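Observations on chain architecture
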Amino acid sequence: MQRGFASAVVFICFVFVAFSPSSFAQSDLSFSRNARTFETQQGSLITKALAFACLSLTVVPDGLPCNPAFTPFEKEPHFDFEGLISNGYPTMEKMRLLLSGNLNQDLVQALFGGDPVLQIEGNAELDFHSRYFNARYTPASVKFFSVVRNEANPLIDVYAVDEQNFEFQSGYEFLPGLFAGAQVRAVDRKYVRKQVFLLDLATDEGRAQLQPQRQSAVYFEPGVSYVFNLPWKPRISAMIVNLGIQNGNFSDMNEPIEGQYSIGINPELPWGDLSILLDYRSMNYQESSYTERLRLGMMYHLGAMYLGGGVDNNGVSGGLFFSLQQLNAGILYSTTRVPWQSSDFFTQTVYVEAGWRL
Amino acid sequence: MKNRIFALLSLLIFSASAWPSVTDKTRDGRTSYEEFHDVFTGDMQKYSSWHAFELSVQKENFRDSNDGLSYILSGSLAVIAGFAGQGVSSDPLEKGVYTLFQSIGIAAIGYGSYSLMVGNDDKLLYSALEGQPNMSLHERTEFLRNYGRLKRERERKERIVKAITHGMIAALNIYTATQQKPGPVQNALYFIGGVNVLATISYSF
């Protein structure tokens, strides 16, 4: 117990230093992004709540484990259908028109002539879980975010992604406490990602800048985790992502190879199960400094309830998820406004998720 | 590229299907999940002696009462959160999710009450045997061993039935997929068929 307490003190001190206000650089793009939706990332409601600090989370109740090494932690085989959608879903049709390549002046006006910020994320996925392997097929995953800045000469920052993907993962406990696994992730996406001036979109040549691009890739992503045989279950995890073959245009939206690291503990509580997780991983290629890659997440599980919260340089998030046998549902709130950054510009997003288990 | 993907997937699938006997139980007979959460769920060793069974039932009783209260408490919170959320939300999707919270909450209260008041079959078996003072320790142990053997046999049959069922689901979905035009529906059917093939392999070991 004392060793568990000591490891927790070290962990908490590290978290305080890492997340102190001075450690963050003020980003001029802080108002032009979403805290939990990223172009190339697909996350469940729980992983979004944790600010994607999930590499040391043994079981993700509404999706596949972030780290394939934790595959053996699955309790029993099950097949799930999960659907997630954020606010702004009326934008979905306009986004699909943009990605169809039929951008005309009416659509430009509808997309960028009204609200300065438009956003949407939605996905539907089929998941299979077992103790030996997990698989996920996502027939539809859409993400859209646009922001119009500078009233004098409006500049539009926009991305729209329509993706299909397949993921297969397997893992094994090689030595007591040492888990290793790998996942294969195949993605096929159509996307637009540009910064353009609104005036340029008045001409056909200008609108051609927003022609959708296509990219496909197959990634092999190995992961490892060691769970110490100590109170509070301290564990360290590592993973290599985006190792594979890419096809198409990756100049506007890149997915570089990256090493990701994580530590986690489960403090002993009389009631429920608390996971505290700290990850070092980037969600997009623009996160260059190490502080931008730090993510802290906490999840409390009691009976049918999962209460999650997370903080990183992109913002804060908190969500509530309930799951009992066949049915599950959850809601998540996220915002780019963080206590240590005073800014009048911020975005906030509400995600809802519902699922059915067979 | 497709050949490479297929080869890689086949390798992983084949490797995974060869592991069940090793990954199924670790160290002291528990799965990784059970070990991490310090619980026992499906250990057949408990039927080896009356003492082991008594100890196991005590642990299960403790776990059932803890789980039962947890589900009652979290279910109550879900119902409260559902009412509170519906009061402040105007979005129809959000309102729908809060309604689901309430349904899950009521079901969780029922599930928790069942765990707390009824428990599993072992609890019933223990009560029945304990209420037989004329049975010697040896007779109880023999009864339990026989019960454990029959239970193992039943589980083996269950696995065979599950393997056949998943195999048939796989065949049906793959056949239906071949009749579809290429697109998300066909991919989804192939996916369902594929995971059912893997489930069949898993249950066959």
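Cut-offs used in this document
Residues numbered from 1 in each chain as written. Chains lettered and ligands numbered in written order. Predicted model: local features only at pLDDT ≥ 70, side-chain atom pairs only at ≥ 80, totals over all residues. Helix = DSSP H or I, 4+ residues; strand = E, 2+ residues; numbered from the N terminus. Buried ≥ 20, exposed ≤ 12 C-beta atoms within 10 Å, placed from the backbone. Contact = placed C-beta atoms within 7 Å. Nonpolar A, V, L, I, M, F, W, Y, C, P; charged D, E, K, R; others polar. Domains from an automatic or database assignment. Pairing = 2+ DSSP bridges. Axes fitted to C-alpha atoms, helices over the stretch in contact; angles between N-to-C directions. Parallel < 35°, antiparallel > 145°, perpendicular 65-115°, else oblique. Left-handed = near helix turned anticlockwise from the far one by under 90°. pLDDT = per-residue confidence, 0-100.

**Overview of the overall build of chain B**
- Counting secondary structure elements, chain B contains eight helices and zero strands.
- Counting the 205 residues in chain B, one finds 24% classified as buried.
- Of all intrachain contacts in chain B linking residues separated by at least 6 positions in sequence, the fraction that spans at least 24 positions is 62%.

**Remarks on the interface of chain A and chain B**
- In this assembly, 47 residues from chain A lie in contact with 46 residues from chain B.
- Partitioned by chemical class, the residues of the side of chain A that touches chain B number 35 nonpolar, seven polar and five charged.

**Thoughts on the environment of Gln45(B)**
Residues and elements named next belong to chain B.
- Note that Gln45 resides in the loop between α3 (32-36) and α4 (50-88).
- Take Gln45: there are 13 C-beta atoms within 10 Å of it, and that puts it in the partly exposed class.
- Taking the C-alpha atoms as reference points, Gln45 and Asp121, 76 residues apart in sequence, are found 16 Å from one another.

**Points about unusual backbone geometry**
All names here are of chain A.
- If you check the backbone angles, Ala51 has positive phi at about 60° while not being a glycine.
- Tracing the backbone shows Ala51 in the loop between α2 (45-49) and β1 (78-86).
- A positive phi is found at Asn242, a non-glycine position, where the angle reads about 60°.

**Description of the domain arrangement of chain B**
- For chain B, the assigned domains read domain 1 (38-131) and domain 2 (154-205).
- The C-alpha-based centres of domain 1 of chain B and domain 2 of chain B are spaced at 31 Å.

**As for the pairing of strand β7 (residues 235-241) of chain A**
Residue and element names in this part refer to chain A.
- Burial along β7 is one-sided: the face carrying Arg235, Ser237, Met239 and Val241 is buried and the face carrying Ile236, Ala238 and Ile240 is not.
- Where strand β6 (residues 213-227) and β7 come together, five bridges link them in antiparallel fashion. Bridging from a neighbouring strand, Val224 pairs with Ala238 of β7.
- Across seven bridges, the pairing between β7 and strand β9 (residues 258-265) is antiparallel. Residue Ala238 lies in a different strand from β9, and its bridge partner there is Tyr261.

**Some thoughts on the pairing of strand β14 (residues 327-335) of chain A**
Residue and element names in this part refer to chain A.
- Where strand β13 (residues 315-324) meets β14, nine bridges bridge the pair, whose relative direction is antiparallel. Looking at β14, one finds that Gly318 is bridged to Tyr333.
- Connecting β13 to the next strand, β14, in antiparallel fashion are two residues, including Gln325 with a positive phi near 50°.
- As paired elements, β14 and strand β15 (residues 348-357) share nine bridges and run antiparallel to each other. When the bridges of β15 are listed, Ile331 appears paired with Val352.

**Quick word on the packing of helix α3 (residues 92-99) of chain A against helix α4 (residues 105-112) of chain A**
All names here are of chain A.
- Packing of α3 against α4 brings their axes to within 10 Å, and their N-to-C directions diverge by 135°. Relative to α4, the element α3 is oriented oblique. Crossing of α3 over α4 shows left-handed handedness. Between α3 and α4, the contacting residues are Lys94, Leu97 and Leu98 on the first element and Leu107, Ala110 and Leu111 on the second.
- The class makeup of the residues in the contact of α3 with α4 is five nonpolar, no polar and one charged.

**Details of the confidence of the model for chain B**
Residues and elements named next belong to chain B.
- Confidence along chain B averages 81 in pLDDT terms, with 80% of residues attaining 70 or more.
- Here helix α2 (residues 20-23) stands out as the least confident element of chain B, with mean pLDDT 35; helix α5 (residues 92-117) is the most confident, with 93.
- Across residues 1-27, where pLDDT falls below 50, the model places 38 contacts with residues more than four positions away in sequence or in other chains.
- Overall fold confidence (pTM) sits at 0.83, and the ipTM for the predicted complex is 0.85.

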